[in-house]
There are 2 protein chains.
Amino acid sequence: MNEFEIIARDSESRARAGLLQTAHGDIETPVFMPVGTLGTVKSLTPEELLEAGARIILGNTYHLYLRPGCEVIGQFSGLHRFMNWKRAILTDSGGFQVFSLAKLSKTSEDGVTFQSHIDGSAHLLTPEKSVEIQLCLGSDIIMCLDQCIPYPAERGAVREALALTTRWAGRCKEFRDRHTRGKDLLFGIVQGGMFNDLRSESVAELAEIGFHGYAVGGLSVGEPKDVMLEIAAATLPQLPGEKPKYIMGVGTPADLVNLVDLGADMFDCVMPTRNARNGQLFTGCGAINISNACFKQDIEPVESGCRCYTCRNYSKAYLRHLFLAKELLAYRLNTIHNVHFYLDLMKRMRAAICAGEFETFKKNFFSDQI
Amino acid sequence: MNEFEIIARDSESRARAGLLQTAHGDIETPVFMPVGTLGTVKSLTPEELLEAGARIILGNTYHLYLRPGCEVIGQFSGLHRFMNWKRAILTDSGGFQVFSLAKLSKTSEDGVTFQSHIDGSAHLLTPEKSVEIQLCLGSDIIMCLDQCIPYPAERGAVREALALTTRWAGRCKEFRDRHTRGKDLLFGIVQGGMFNDLRSESVAELAEIGFHGYAVGGLSVGEPKDVMLEIAAATLPQLPGEKPKYIMGVGTPADLVNLVDLGADMFDCVMPTRNARNGQLFTGCGAINISNACFKQDIEPVESGCRCYTCRNYSKAYLRHLFLAKELLAYRLNTIHNVHFYLDLMKRMRAAICAGEFETFKKNFFSDQI
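This section reports on the structure supplied with the text.

Thresholds applied
Residues numbered from 1 in each chain as written. Chains lettered and ligands numbered in written order. Predicted model: local features only at pLDDT ≥ 70, side-chain atom pairs only at ≥ 80, totals over all residues. Heavy atoms only, no water. Helix = DSSP H or I, 4+ residues; strand = E, 2+ residues; numbered from the N terminus. Rg over C-alpha atoms; globule rule 2.2 N^0.38 Å. Buried < 20%, exposed > 50% of the residue type's maximum accessible area, 1.4 Å probe, protein only. Contact = heavy atoms within 4.5 Å. Areas by Shrake-Rupley, 256 points an atom, 1.4 Å probe, with all protein chains shown as cover. Lys, Arg positive; Asp, Glu negative; His and termini not counted. Charge placed at Lys NZ, Arg CZ, Asp CG, Glu CD. Phe/Tyr/Trp six-rings, centres within 6.5 Å; stacked < 30°, edge-to-face > 60°. Axes fitted to C-alpha atoms, helices over the stretch in contact; angles between N-to-C directions. Parallel < 35°, antiparallel > 145°, perpendicular 65-115°, else oblique. Left-handed = near helix turned anticlockwise from the far one by under 90°. Nonpolar A, V, L, I, M, F, W, Y, C, P; charged D, E, K, R; others polar. Pairing = 2+ DSSP bridges. Salt bridge = Lys/Arg side-chain N within 4 Å of Asp/Glu carboxyl O. Buried area = accessible area lost by both parts, 1.4 Å probe. Least-squares fit on C-alpha atoms with pLDDT ≥ 70 in both. Disulfide = S-S within 2.5 Å. Core = buried A, V, L, I, M, F, W, Y, C linked by side-chain atoms within 4.5 Å. Right-handed = clockwise from strand over helix to strand, strands pointing away. Polar contact = N/O pair within 3.5 Å; in protein donor to acceptor, adjacent residues only side chain to side chain.

## Topic: the overall build of chain A
So, step 1. When helices and strands are tallied, chain A shows 15 helices and 16 strands.
So, step 2. For 370 residues, the compact-globule estimate of 2.2 N^0.38 gives 21 Å, and the C-alpha radius of gyration of chain A, at 20 Å, lies within 12% of that figure.
So, step 3. Within chain A, the proportion of its 370 residues that are buried is 58%.
So, step 4. Put simply, of all contacts in chain A between residues at least 6 apart along the chain, 66% involve residues at least 24 apart.
So, step 5. Surface summary for chain A: the accessible area is close to 14,000 Å², and the carbon and sulfur share equals 50%.
So, step 6. Across chain A, the centroid of the 39 positively charged side chains sits 5 Å from that of the 43 negatively charged ones.

Put into structure tokens, the structure is as follows:
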């Protein structure tokens, strides 16, 4: 059985619309996954996520493993019931946070040892352990543990990291196949830094093992935008065409349009949620900063015609007031708008692909940006 | 026309159930008004307030005058449209905050000069100015400017403050009658500190002027609980019986039951909202602190049988996790529960009064407290 079906393909680009079946509902692609680091997409309820159009969110294995831990989430048979989210959840492997947040991380063939950024306690994350935690979280899409290295990095170090990532991917697959209850999907993660030939090597090795989907990791780690797009452009077409293709940790609305154009199906990023909490709101003409004095008496919504709860009910003047007063409602109303904006953008791209109008959509999108 | 109607009286106490008509809907009394200091009941939307049963909220004139100011709120013809709250709003006079929050406040016959606690700017708040701001806010119930003095205070100072409060009340009435659009109500505030005879003096002077309702101010300012109840017990019966009686800034659930027993109709307090943000949740058996380790794996809601959104959907373990992780959703889910608890308590008291069962209600309420 193939859990991923391609519904439509754009004739002038690599863009495609698909349907991904999970144990917690079908997901229309291209899809954006709001980030719910600690068992909550910051400030929102599950109902608000659903209303904004979310059908899958991302949970962070590293964070949830440390707080509240599998002991607690296990009481609820996983994250879904713990946080009251009934749709799909993708969990990352924990690798990215171990390398970026934890202290004193040390990689060996076995796995990576690290100290918690919260209390300094020592832990060992192996490929098997990562999958075990994700199974305990009840994840619908499990990510393989990969070795993330900083940008820029030497070719030799990148090659070693990708070879280790491949070996770890094999161990993840084996462990998952032994312990799955059969409803989760396992995705491999392509590494290879900014070297196209190493990316190709990584793709080939992962495809040989065989996964339900393939992610491109190690992008959006500080490299220039054109390098990111170039690597994505070279890597995406090499991934198995009948499987979902996921670009991790990206990006701006323009990035999403460009990457869908290049054939990507799935995305996650903290940008809509984090920027909302910093007062940056997305609109079809670009982003605005709600604290700007020009909005002081502005009785209009953030984006006229926007159907989100925030725009249907509140003015820019009110949002500015709440934000300047550091009121909790500010973060929430801003987040509702930004998440809605991102999910609506994906929905509109999908509709355009299905209607054979993606080129026009793209042209309009970029010409609307101020 | 009388905007306040008494529906039922308890035969064994002074408790009563009433109906207060305002320009933004009828209010069943006894009623609790959640505090919405800056044009938002912290963390909640108007829909959540309505679902919790709120029909009137309190706005703080001092805070709203400084931020965002009448210039902004005037653009929306008042607070209702600015914050998207369609039911009633009571605004305080600003006096309490001027005396407690502002810097260098100085009282004269004319009014009180003060410096903003935000930017140090100088302002003069007169009785007329206070009413003018409240009219600009579109308040349904306007409070007279009163002079609040600290506890404890000498009899001489209390007497002077109450005399000034009476003169200011007269000026408020005059200004309001000249400028009202006829739909707002004006309440006088009884002062007199912890001296029963001065309270009586204040009541008589205010009743002589004549208001739509009467508040007891200057309670819950640091005095012992029994003194507060004694002053309330002595003052409440002296207030005009056919008008709503409002105890300002009080209190715990037990205070509310005791004060309804003594004939009070209206209350406001930051306790349910502020304590929620500090992790304290109210239940029929008393309050719990959600950060307590005993809740780590507790899959039960805060209060079984509670119909609030939080209890219908989340466990104590999840709320504890969110609170310890300082997640924004924690403050919101906790606030929803506490506001629901307070409003439900008022609803149950009203039903008991109407059914002639208030004594039984009271007895059960206190015997349930651990």
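## Observations concerning the packing of aromatic side chains
So, step 1. Applying the stated criterion across every chain yields a total of 28 aromatic pairs over all chains.
So, step 2. With a centroid separation of 5.6 Å and an interplanar angle of 65 degrees, the aromatic rings of Tyr309 of chain B and Tyr314 of chain B are classed as edge-to-face. Of the two residues examined, Tyr309 of chain B and Tyr314 of chain B, each falls in the buried class.
So, step 3. Aromatic pair Phe358 of chain B and Phe361 of chain B: ring centres 6.1 Å apart, planes at 15 degrees, arrangement stacked. With Phe358 of chain B and Phe361 of chain B both in helix H15 (residues 358–368) and three residues apart, this pair spans about one turn of that helix. Across the pair, Phe361 of chain B and Phe358 of chain B agree in class, each one buried.
So, step 4. Members of the aromatic cluster, each reached through a chain of ring pairs, are Phe76 and Phe82 of chain A together with Tyr309, Tyr314 and Tyr318 of chain B.

## A short note on the packing of helix H8 (residues 196–209) of chain B against helix H9 (residues 225–235) of chain B
Residue and element names in this part refer to chain B.
So, step 1. Viewed as axis vectors pointing N to C, H8 and H9 meet at an angle of 40 degrees, and their least axial separation amounts to 10 Å. Regarding the angle of H8 to H9, the classification is oblique. The handedness of the crossing between H8 and H9 is right-handed. Facing H8, whose interface residues are Asn196, Arg199 and Val203, H9 presents Glu230, Ile231, Ala234 and Thr235.
So, step 2. Taken together, the residues that form the contact of H8 with H9 break down as three nonpolar, two polar and two charged.

## Focus: the sheet that holds strand S4 (residues 31–33) of chain A
Residue and element names in this part refer to chain A.
So, step 1. A sheet is described by the order of its strands in space; here eight strands give the open sequence S4-S14-S13-S12-S11-S10-S6-S5, paired in parallel fashion. The open sheet has two edge strands with one neighbour each: S4 and strand S5 (56–59). If you compare each strand with its neighbour and ignore which way they point, the axes differ by 25 degrees on average.
So, step 2. The pairing of strand S13 (residues 245–247) with strand S14 (residues 266–268) spans two bridges and is classified as parallel. Residue pairing for S14: Tyr246 is matched across the bridge by Met266.

## What to know about the pairing of strand S8 (residues 112–115) of chain A
So, step 1. Residues of S8 of chain A alternate between two faces, with Val112 and Phe114 of chain A buried on one and Thr113 and Gln115 of chain A left unburied on the opposite face.
So, step 2. Between S8 of chain A and strand S9 (residues 122–125) of chain A, which follow one another and run antiparallel, lie six residues, and Gly120 of chain A among them has a positive phi close to 75 degrees.

## Thoughts on the pattern of salt bridges
So, step 1. By the definition in use, this model includes 44 salt bridges over all chains.
So, step 2. For the salt bridge of Arg176 of chain A with Asp177 of chain A, the shortest nitrogen-to-oxygen distance reads 2.9 Å.
So, step 3. What makes Asp177 of chain A partly exposed here is its relative accessible area of 39%.
So, step 4. Across the pair Lys225 of chain B and Asp255 of chain B runs a salt bridge whose closest N-O atoms are separated by 2.8 Å. Taken together, the residues Lys225 of chain B in helix H9 and Asp255 of chain B in helix H10 (residues 253–261) connect sequence positions 30 residues apart.
So, step 5. A cluster of three or more residues bridged by salt bridges with shared partners is formed by Glu48 and Arg332 of chain A together with Glu48 and Arg332 of chain B.

## Considering the interface of chain B and chain A
The accessible area lost on association of the parts is a frequent measure of interface size.
So, step 1. Between chain B and chain A, the residue contacts involve 39 residues of the former and 39 residues of the latter.
So, step 2. Carbon and sulfur atoms make up 56% of the area that chain B and chain A hide from each other, which totals about 3,500 Å².
So, step 3. Summed over the three residues of chain B that lose the most area to chain A, namely Gln297, His321 and Leu328 of chain B, the buried surface amounts to 17% of that side.
So, step 4. Inspection of the chain B/chain A interface yields six salt bridges.
So, step 5. For Glu327 of chain A, the salt bridge is made with Lys42 of chain B, and the minimal N-O distance between the two is 2.5 Å.

## Overview of helix H13 (residues 316–324) of chain A
Residue and element names in this part refer to chain A.
So, step 1. Buried residues dominate H13, accounting for eight of its nine residues.
So, step 2. Considered for burial, the residues of H13 that qualify are Lys316, Ala317, Tyr318, Leu319, Arg320, His321, Leu322 and Phe323.
So, step 3. At the C-terminal side of H13, Lys326 shows a positive phi close to 55 degrees.

## Re the relation of the copies chain B and chain A
So, step 1. If you rotate chain B by 180 degrees and push it 0.0 Å along the axis, it lands on chain A with an RMSD of 0.0 Å. Taken together, the turn and the small shift mark the pair as related by a two-fold rotation axis. Taking C-alpha positions as reference, the residue of chain B nearest the rotation axis is Leu328 of chain B, located at 3.7 Å.
So, step 2. Of all interface residues in chain B, 100% are interface residues in chain A too; the two copies therefore contact each other through one and the same surface.

## Points about the state of the cysteines
So, step 1. One pass over the structure, following the stated rule, counts zero disulfides over all chains.
So, step 2. The thiol sulfur of Cys294 of chain B is not disulfide-bonded, and the nearest other cysteine sulfur, from Cys285 of chain B, lies at 13 Å.

## What about the nonpolar core?
So, step 1. In terms of nonpolar packing, the biggest core is built from 191 residues, with Ile247 of chain A together with Ile247 of chain B touching the most fellow members.
So, step 2. Not counting residues within four places of it along the chain, the set of residues in contact with Ile247 of chain A comprises Val216, Leu219, Ala232, Leu236, Leu259, Ala264, Met266, Phe267 and Asp268 of chain A.

## Digging into the environment of Phe211 of chain A
So, step 1. Note on placement: Phe211 of chain A falls in the loop between helix H8 (196–209) and strand S12 (213–216).
So, step 2. Setting aside residues no more than four positions away along its own chain, Phe211 of chain A makes contact with Cys144, Ala169, Lys173, Leu186, Phe187, Gly188, Leu206 and Lys243 of chain A.

## Re the pairing of strand S12 (residues 213–216) of chain B
All names here are of chain B.
So, step 1. Here S12 shows a buried face lined by Gly213 and Ala215 and a second buried face lined by Tyr214 and Val216.
So, step 2. Relative to S12, strand S11 (residues 185–190) runs parallel, the two being bridged by four bridges. Bridged to Val190 within S12 is Val216.
So, step 3. On the question of chirality, the crossover connecting S11 to the parallel S12 by way of H8 is right-handed.
So, step 4. The sheet contact formed by S12 and strand S13 (residues 245–247) spans three bridges and is parallel. Each bridged residue has a counterpart across the sheet, and for Val216 the counterpart in S13 is Ile247.
So, step 5. For the segment spanning S12, H9 and S13, crossover handedness is right-handed.

## Comments concerning the sheet that holds strand S2 (residues 16–22) of chain A
All names here are of chain A.
So, step 1. Taken in spatial order, the three strands of this open sheet run S1-S2-S3, and their pairing is antiparallel. The two strands at the open ends of the sheet, each matched to only one other strand, are strand S1 (4–9) and strand S3 (25–29). On average, each strand axis in the sheet is tilted by 15 degrees relative to the strand beside it, whichever way the strands run.
So, step 2. Contacts from helix H14 (residues 328–354) reach S1, S2 and S3, with the element oriented near 120 degrees to S2.

## A short note on the side chain of Ser116 of chain A
All names here are of chain A.
So, step 1. Here Ser116 is to be found in the loop between S8 and S9.
So, step 2. Assessed through its relative accessible area of 1%, Ser116 is described here as buried.
So, step 3. A polar contact is formed between the side chain of Ser116 and the backbone nitrogen of Ile118, at a distance of 2.9 Å.
So, step 4. Residues contacting Ser116, with those up to four places away along its chain left out, are Tyr62, Leu66, Lys103, Ser121 and His123.

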